[in-house]
Amino acid sequence: MHRIKVSGLVVEVVRKHIKNLHLGVYPPHGRVRVAAPMAVSDDAVRLAVIGKLGWIKRHRARFEAQPRQSRREMVNGESHYYLGRRYRLRVVESTGSSKVVVRNTSTLELHVRPTATAEQRERVLQGWYREQLKKKIPLLLEKWQPALGVQVTDWGIKKMKTKWGSCNKQSDRIW
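Residues numbered from 1 in each chain as written. Predicted model: local features only at pLDDT ≥ 70, side-chain atom pairs only at ≥ 80, totals over all residues. Heavy atoms only, no water.

> I'd love a proper account of unusual backbone geometry, names of residues and values included.
With an omega of 5°, the peptide bond running from Pro-27 to Pro-28 counts as cis. Non-glycine residue Leu-83 carries a positive phi angle of around 50°. Residue position: Leu-83 is located in the loop between β5 (79-82) and β6 (85-93). Judged by its relative accessible area of 58%, Leu-83 is exposed. If you check the backbone angles, Asp-172 has positive phi at about 50° while not being a glycine. Relative to the helices and strands, Asp-172 is located in the loop between β10 (167-168) and β11 (173-174). Given the relative accessible area of 32%, Asp-172 is considered partly exposed. (Helix = DSSP H or I, 4+ residues; strand = E, 2+ residues; numbered from the N terminus. Buried < 20%, exposed > 50% of the residue type's maximum accessible area, 1.4 Å probe, protein only.)

> Provide a residue-level description of the environment of His-17, including the pertinent values.
Along the chain, His-17 falls in the loop between β2 (9-16) and β3 (22-26). For His-17, a relative accessible area of 75% translates into the label exposed. With 21 residues separating them in the primary sequence, His-17 and Met-38 have C-alpha atoms 6.1 Å apart.

> How would you summarise the sheet that holds β3 if you had to cite specific residues and measurements?
Pairing is mixed across the open sheet formed by 4 strands, whose spatial order is β1-β2-β4-β3. Each of the sheet's edge strands pairs with one partner strand only, and the pair in question is β1 (2-6) and β3. For this sheet, the mean inter-axis angle between neighbouring strands, taken without regard to orientation, is 30°. Sheet topology places β1 next to β2; 5 bridges connect them, and they run antiparallel. Residue Arg-3 lies in a different strand from β2, and its bridge partner there is Glu-12. The strands touched by helix α1 (residues 42-51) within the sheet are β1, β2, β3 and β4 (31-37), with β1 carrying the most contacts at an inclination of about 50°. (Pairing = 2+ DSSP bridges. Axes fitted to C-alpha atoms, helices over the stretch in contact; angles between N-to-C directions. Contact = heavy atoms within 4.5 Å.)

> Any details on the sheet that holds strand β8 (residues 107-112)? Residues and values, ideally.
With mixed pairing, 4 strands are arranged side by side in an open sheet as β5-β6-β8-β7. Bordering the open sheet on either side are β5 and β7 (99-102), each of which pairs with just one other strand. In this sheet, neighbouring strand axes are inclined to one another by 35° on average, regardless of whether the strands run parallel or antiparallel. Where β7 and β8 come together, 4 bridges link them in antiparallel fashion. Residue pairing in the sheet places Val-102 in a bridge with Leu-108 of β8. Lying over the sheet, helix α3 (residues 118-148) contacts β5, β6, β7 and β8, oriented at roughly 120° with respect to β8.

Structure, rendered in structure tokens:
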């Protein structure tokens, strides 16, 4: 991957063994990326981007206009989501092991040591989310495999930057 500048816009160019040029604008700040065939020159990429400048600017403006969630500080009163519902975080300092408890329909309790940093608190919460998802996936597979006529041989959970998940048909694996 390398970068080129087009009309003051930084564009990431990735060369691939593909047939057509693909242009993408990605959240949260409107990063521009072009996947180009190996044989296409930088000048041809530049021309393609110039031809789509209006489209790129509209997409970047749309991203800028979207409300953004503020950086999580992992403190009392902060909003966090679980299964599509909003919960207020209540941090409980304790000497026992770290854990998360859904206290009622509006409160998530995060039990951590008094010396825990915001990063450590976030790791505890992310680990809890992961465990909850691991419990729910077998039930979802049981429901959807017969409905879709497919059989999953392997599944896993991993943090993804740009998509919610992926499915590999050759290995029958879901991430």
